[in-house]
Amino acid sequence: LGLLKLRLGLFEFGSAVLKELRRRAKASHISDDGQMTAGLAPFVRQVIAVDSSTDMLDAAGHRLEGARNVDLRQGELESLPIAEGELNVAMLSLVLHYSPSPGRALAQVAPVLRPGGRVLVVDMLPHERQEYQQQMGHVWLGFSEKQIGKFLTDAGFSDVRMRLLPADPDAKGPALFAAAATRA
């Protein structure tokens, strides 16, 4: 239920992005077990979901069985299996903190977007939960607004905006943010 509340908050924040998705009709979601992709799929012509884990792709495949507008692809964030200019919108949801080089990862996202395409990044704010590195493989313990802004602008994005997402009082994890930017 806490995750559902968080996702509703994200979609309220991302209403402009969803309008853009509807208008432009092709999106990508990077890293997913199918839940977010299932939420996006009814609003767009096509969703390309990318994950490096075959287990996650299998879970997504089961969840999305029968969804004709979803393309599941195995790949790495730093080397996306998406052609240059193939996307209108890219969404990175709770994945950037796994990357050893978030700036390089975002630089890989920029070329797969058409000029004027948008990226939406949802991730954790800075926190002190070092056990996440050992238990879950997190490389980064969250990102500050300054860090994300620099990563995005250095990767070729403009019009960077960031917003803290409302925390669910029952949530046990770190606070989250959503950052949106446009490919220059």
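As shown above, the structure is provided for reference.
A brief look at the structure comes next. Each chain has its residues counted from 1, running along the sequence as written. Predicted model: local features are reported for residues with pLDDT of at least 70 only, side-chain atom pairs are reported and counted for 80 or more only, and whole-chain, interface and lining totals are derived from all residues. To obtain the side-chain values, all non-hydrogen atoms of the structure were used and water was disregarded.

1. So, the overall build of the chain
Only DSSP runs of H or I with at least four residues qualify as helices, and only runs of E with at least two residues qualify as strands; both kinds are numbered from the N terminus onward. Scanning the chain from N- to C-terminus turns up 7 helices and 7 strands. Starting at the N terminus and ending at the C terminus, the chain contains elements arranged as α-α-β-α-β-α-β-β-α-β-α-α-β-β. With a 1.4 Å probe rolled over the protein chains alone, any residue whose accessible area is under 20% of its type maximum counts as buried; one over 50% counts as exposed, and the rest are partly exposed. Taking all 184 residues of the chain together, 49% fall into the buried category. In what follows, residue pairs with any heavy atoms lying within 4.5 Å of each other are defined as contacts. Long-range contacts, defined here as pairs at least 24 residues apart, represent 64% of the contacts in the chain between residues at least 6 apart. Accessible surface for the chain amounts to roughly 9100 Å². Of this, 52% is attributable to carbon and sulfur atoms. Accessible surface is estimated by sampling points in the Shrake-Rupley manner with a 1.4 Å probe; for residues, cover comes only from the protein chains shown.

2. Remarks on the pattern of salt bridges
The term salt bridge refers to a pairing of a side-chain nitrogen on Lys or Arg with a carboxyl oxygen on Asp or Glu at a separation within 4 Å. A complete count under the given rule lists 3 salt bridges for this structure. Measuring nitrogen to oxygen at the nearest pair gives 2.8 Å for the salt bridge that ties arginine 73 to aspartate 71. Assessed through its relative accessible area of 17%, arginine 73 is described here as buried. Its relative accessible area of 24% is what places aspartate 71 among the partly exposed residues. Across the pair aspartate 154 and lysine 150 runs a salt bridge whose closest N-O atoms are separated by 2.7 Å.

3. Observations regarding the side chain of glutamate 78
Residue placement: glutamate 78 occurs in the loop between strand S3 (70-74) and strand S4 (87-93). Despite its burial, glutamate 78 pairs with no opposite charge, the nearest such side chain being arginine 104 at 4.8 Å. Here glutamate 78 is in contact with Ser99, Pro100, Arg104, Ala105 and Gln108, once residues within four sequence places are set aside. Positive residues here are Lys and Arg, negative ones are Asp and Glu, while His and the chain termini are left out of the count.

4. Topic: the pairing of strand S5 (residues 113-124)
Each regular strand carries side chains that alternate between the two faces of the sheet. Of all 12 residues making up S5, 9 are buried, and the element is well covered by its neighbours. As paired strands, S4 and S5 are joined by 6 bridges and run parallel to one another. Within S5, the residue paired with leucine 92 across the bridge is valine 121. If you view a crossover with the strands going away from you and the path from the first strand over the helix to the second runs clockwise, you call it right-handed. Handedness of the crossover joining S4 and S5 through helix H5 (residues 102-112) is recorded here as right-handed. Two strands form a pair only when DSSP identifies at least two bridges running between them. Summarising the sheet, S5 and strand S7 (residues 176-183) pair through 7 bridges and their orientation is antiparallel. When the bridges of S7 are listed, leucine 120 appears paired with alanine 180.

5. A short note on the packing of aromatic side chains
The description of an aromatic ring pair uses the distance of the two centres, along with the angle that the planes make with each other. Between 30 and 60 degrees the pair is tilted, below 30 it is stacked and above 60 it is edge-to-face, where a pair is any two Phe, Tyr or Trp rings, Trp via its six-membered ring, whose centres lie within 6.5 Å. Evaluated as defined, the whole model comprises 3 aromatic pairs. On the basis of an interplanar angle of 85 degrees and a centroid distance of 5.9 Å, the ring pair of tryptophan 140 and phenylalanine 151 is categorised as edge-to-face. Placement of tryptophan 140 in the loop between helix H6 (131-136) and helix H7 (145-154) and of phenylalanine 151 in helix H7 is noted, with a sequence separation of 11 residues between them. Geometrically, the ring pair formed by phenylalanine 143 and phenylalanine 151 is edge-to-face, given 6.1 Å between the ring centres and 80 degrees between the ring planes. The pair phenylalanine 143 / phenylalanine 151 is uniform in exposure class, with both members buried.

6. Description of the environment of asparagine 88
Along the chain, asparagine 88 falls in strand S4. With 26 residues separating them in the primary sequence, asparagine 88 and arginine 114 have C-alpha atoms 5.7 Å apart. Only 2.7 Å separates the side chain of asparagine 88 from the side chain of arginine 114, close enough to count as a polar contact. Polar contact is defined as a pair of N or O atoms within 3.5 Å, subject to the rule that within protein one atom must be able to donate a hydrogen and the other to accept it, and that residues adjacent in sequence are counted only when both atoms are side-chain atoms.

7. Quick look at the pairing of S7
Most of S7 sits inside the fold, with 7 of its 8 residues counted as buried. Note: strand S6 (residues 157-164) against S7, 6 bridges, orientation antiparallel. Paired with phenylalanine 157 across the two strands is arginine 183, which belongs to S7.

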